[in-house]
Amino acid sequence: MIRFGTGGWRAIIGDEFTRANVRLLAQGLADRMHDEGVAERGIVISYDRRFLSDVAAWWAIEVLAGNGIPVRVITRPVPTPMCMWTVKQQEAPYGLAVTASHNPALYNGIKLFTAGGRDATLEVTDELGERIAPLTEADVKALAPHEARSSELVTEQSSINWYLDAIMEQLDLETIRHAHLHVVLDPMFGVAQTSMQTILISARCQVDVINARHDPLFGGRMPSPAEGSLAPLRQAVLEQGADLGIATDGDADRLGIIDDTGEYLSPNQVLVLLYEYLLSTKGWSGPVVRNMSTTHLLDRVAAAHGQECHEVPVGFKWISAKMAETGAIIGGESSGGLTVAGHIPGKDGIQAGSLLVEMVAASGKKLSQIYQDIVDRYGRLEMVEAAYAYTPARREELQQRIFVEHELPSFDRDIARISWEDGAKVYFADDSWLTIRFSGTEPVIRVFAEAPTLEEAQQLASAVADRFDLGES
């Protein structure tokens, strides 16, 4: 079965991520492109460093070219945002990246993009899933591997310069050059090294890199730049006296930050820092978009500048759509993805990390002090996140109790309102909040809670775990 979630299709290699399923997906997409009358405009394909990513890309190419569709394939592991940028730059109707992003090494998958470099909407992936469901191997039209490699329909692209130039054109490189910053980069065995290192060295930063070799097992860890995975980066920043450390996930669309004191800056904090920087220092004006599980500190920053913060469901496609609708200048999510207006309508860890370096350079301060200034002005909100695995029977029970019967724990504070639009979100009268929802990319139920103190946020999350006997996260 091929099921699309909030981040595309992801499955365990050899279980559901197989040659047969990749070919079926490509055939379904080819049929859709022909029915829409856009087949002749072609498609962009990229891949990351995961096991089978490069091979799977060619499995898809063989089918798409076999259906008469021109394919531009980026023939080296690159950041997923580069695929999105190329779809936009080439004015292609579709693009796909072979990646499972920050999932464990056992997984691989495919992210689908539509015109303009946008994440495919739920309507597109639902319809594509319906197309694929009845297909069999007999329905697949494909070239032989050697035919695909020599086909006039297939254009191979090895250069990443256009994408890097597009990011550098948006940066104040002169300011960064004169700041003489020292940055440690942790690509987490993924695809960020060449892109991020090229940009930072062009801006005369001193750059040291860790975890750069090609390792499809990602060093035995999830390639996710969460706090628990960044101990090596923290150690490197402190040992080398660097100004900051930047980590990106497996396909480089998300990032995590270590400041000059070795403290982890969450994606929530990075979003707040960059939004404040765009408004106060760069002189931009406009709202911000966040998903339902992202910090409400963004609301405070927006209000202080006479702007609005828009909330959307989880899934970056919703952020991109709302930014286009409202003219927002930045949008992001607590899982590490963000985008800034004028680039691509999707998350890009390379661009975000580069902009953060510009912010530090322009401020003349240490990153730790810049965030302390934010706290002094807007106060502090603390967030906790927990994820609980479940059996199929357990999922059915939780679905019924929480999302059908609307059962919730008893809380120690007044509830302002409850939203059931995307899972459950409880808004408390004191500006605290709590969300409960099934993950769209992994078999877990996620609980987020934000409150003025870490202890209060933990108490809110624990109330959910206790009520539904969720066990250890």
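Residues numbered from 1 in each chain as written. Predicted model: local features only at pLDDT ≥ 70, side-chain atom pairs only at ≥ 80, totals over all residues. Heavy atoms only, no water.

Thoughts on the packing of aromatic side chains
Phase 1 of the analysis: Evaluated as defined, the whole model comprises four aromatic pairs.
Phase 2 of the analysis: A ring pair is formed by tyrosine 390 and phenylalanine 438, whose centres lie 5.5 Å apart and whose planes are at 80°; its orientation type is edge-to-face. In this pair, tyrosine 390 is assigned in the loop between β18 (382–389) and α15 (392–404) and phenylalanine 438 in strand β21 (residues 433–438), connecting sequence segments 48 residues apart.
Phase 3 of the analysis: In textbook terms, an aromatic cluster arises when at least three aromatic residues are bridged by ring pairs, as seen for Tyr390, Phe403 and Phe438.
Phase 4 of the analysis: Above the plane of the ring of tryptophan 58 lies arginine 149, whose end atom (NZ or CZ) is 3.8 Å from the centre.
Phase 5 of the analysis: A cation over a ring is seen here: lysine 425 above tryptophan 433, with NZ or CZ 4.4 Å from the ring centre. (Phe/Tyr/Trp six-rings, centres within 6.5 Å; stacked < 30°, edge-to-face > 60°. Helix = DSSP H or I, 4+ residues; strand = E, 2+ residues; numbered from the N terminus. Lys NZ or Arg CZ within 6 Å of the ring centre and 35° of its normal.)

Observations concerning the environment of valine 360
Phase 1 of the analysis: Considering the arrangement of structural elements, one finds valine 360 in helix α13 (residues 349–363).
Phase 2 of the analysis: Along the sequence, valine 360 and aspartate 243 sit 117 residues apart, while their C-alpha atoms lie 8.7 Å from each other.
Phase 3 of the analysis: When sequence neighbours within four positions are dropped, the list of residues in contact with valine 360 reads Leu181, Lys365, Leu367 and Ile370. (Contact = heavy atoms within 4.5 Å.)

Details of the packing of helix α1 (residues 19–36) against helix α2 (residues 53–66)
A pair of packed helices is captured by two measures, namely the crossing angle of their axes and the spacing between those axes.
Phase 1 of the analysis: As a packed pair, α1 and α2 sit with axes 8 Å apart at the nearest point and diverge in direction by 40°. Our classification of the angle between α1 and α2 gives oblique. Classified by chirality, the crossing of α2 by α1 is right-handed. Residues Arg19, Val22, Arg23, Ala26, Gln27 and Ala30 of α1 pack against Ala56, Trp59, Ala60, Glu62, Val63 and Leu64 of α2.
Phase 2 of the analysis: Tallied by class, the residues present in the contact of α1 with α2 amount to eight nonpolar, one polar and three charged. (Axes fitted to C-alpha atoms, helices over the stretch in contact; angles between N-to-C directions. Parallel < 35°, antiparallel > 145°, perpendicular 65-115°, else oblique. Left-handed = near helix turned anticlockwise from the far one by under 90°. Nonpolar A, V, L, I, M, F, W, Y, C, P; charged D, E, K, R; others polar.)

Remarks on the sheet that holds β21
Phase 1 of the analysis: Across the sheet, which stays open at both edges, the five strands sit in the order β18-β22-β21-β20-β19 with antiparallel pairing between neighbours. Either end of the sheet is taken by a strand with one partner, and the two such strands are β18 and β19 (415–419). Going across the sheet, the axis of each strand differs from the next one's by a mean of 10°, ignoring polarity.
Phase 2 of the analysis: Here β18 runs beside strand β22 (residues 444–451); their pairing, made up of eight bridges, is antiparallel. Bridging across to β22, tyrosine 388 finds its partner in isoleucine 445.
Phase 3 of the analysis: Packing against the sheet, α15 makes contact with β20 (424–428), β21 and β22, and its axis sits at approximately 140° to β21. (Pairing = 2+ DSSP bridges.)

Description of the pattern of salt bridges
Phase 1 of the analysis: Evaluated as defined, the whole model comprises 33 salt bridges.
Phase 2 of the analysis: Across the salt bridge formed by glutamate 325 and lysine 322, the nearest N and O atoms sit 3.3 Å from each other. Within this pair, glutamate 325 and its partner lysine 322 are both found in helix α12 (residues 316–326), separated by three residues, close to a single helical turn.
Phase 3 of the analysis: Through salt bridges with shared partners, one network takes in Arg32, Asp35, Glu36, Glu127 and Arg131. (Salt bridge = Lys/Arg side-chain N within 4 Å of Asp/Glu carboxyl O.)

Focus: the pairing of strand β5 (residues 94–98)
Phase 1 of the analysis: A large share of β5 lies buried, amounting to five of its five residues.
Phase 2 of the analysis: Going residue by residue along β5, you find Tyr94, Leu96 and Val98 tucked away on one face and Gly95 and Ala97 tucked away on the opposite face as well.
Phase 3 of the analysis: When strand β3 (residues 43–47) meets β5, the two strands line up parallel, connected through five bridges. Bridge pairing in β5 links valine 44 to glycine 95. (Buried < 20%, exposed > 50% of the residue type's maximum accessible area, 1.4 Å probe, protein only.)

Section: the nonpolar core
Phase 1 of the analysis: Core analysis: the biggest nonpolar cluster contains 72 residues, and Ile246, Tyr275, Ile330, Leu338, Val357, Met359 and Leu367 have the highest contact counts within it.
Phase 2 of the analysis: The element contributing the most residues to this core is helix α10 (residues 267–280), with nine residues.
Phase 3 of the analysis: Beyond its immediate sequence surroundings of up to four residues, isoleucine 246 is in contact with Val183, Val184, Leu185, Asp186, Met196, Leu233, Leu255, Gly256, Ile257, Gly353 and Val357.
Phase 4 of the analysis: Among the nonpolar cores identified, the runner-up in size contains 44 residues, and Ile13, Tyr47, Ala120 and Ala148 belong to it. (Core = buried A, V, L, I, M, F, W, Y, C linked by side-chain atoms within 4.5 Å.)

A look at the sheet that holds strand β9 (residues 182–186)
Phase 1 of the analysis: If you walk across this open sheet you meet the five strands as β10-β9-β11-β12-β13, and the pairing is mixed. A single partner strand is all that each edge strand has here, and the edge strands are β10 (206–209) and β13 (264–265).
Phase 2 of the analysis: Bridge count between strand β12 (residues 255–258) and β13: two bridges; the pairing is antiparallel. Bridge pairing in β13 places isoleucine 258 opposite tyrosine 264.
Phase 3 of the analysis: Of the strands in this sheet, β9, β11 (244–248) and β12 are in contact with α13, which crosses β11 at around 170°.

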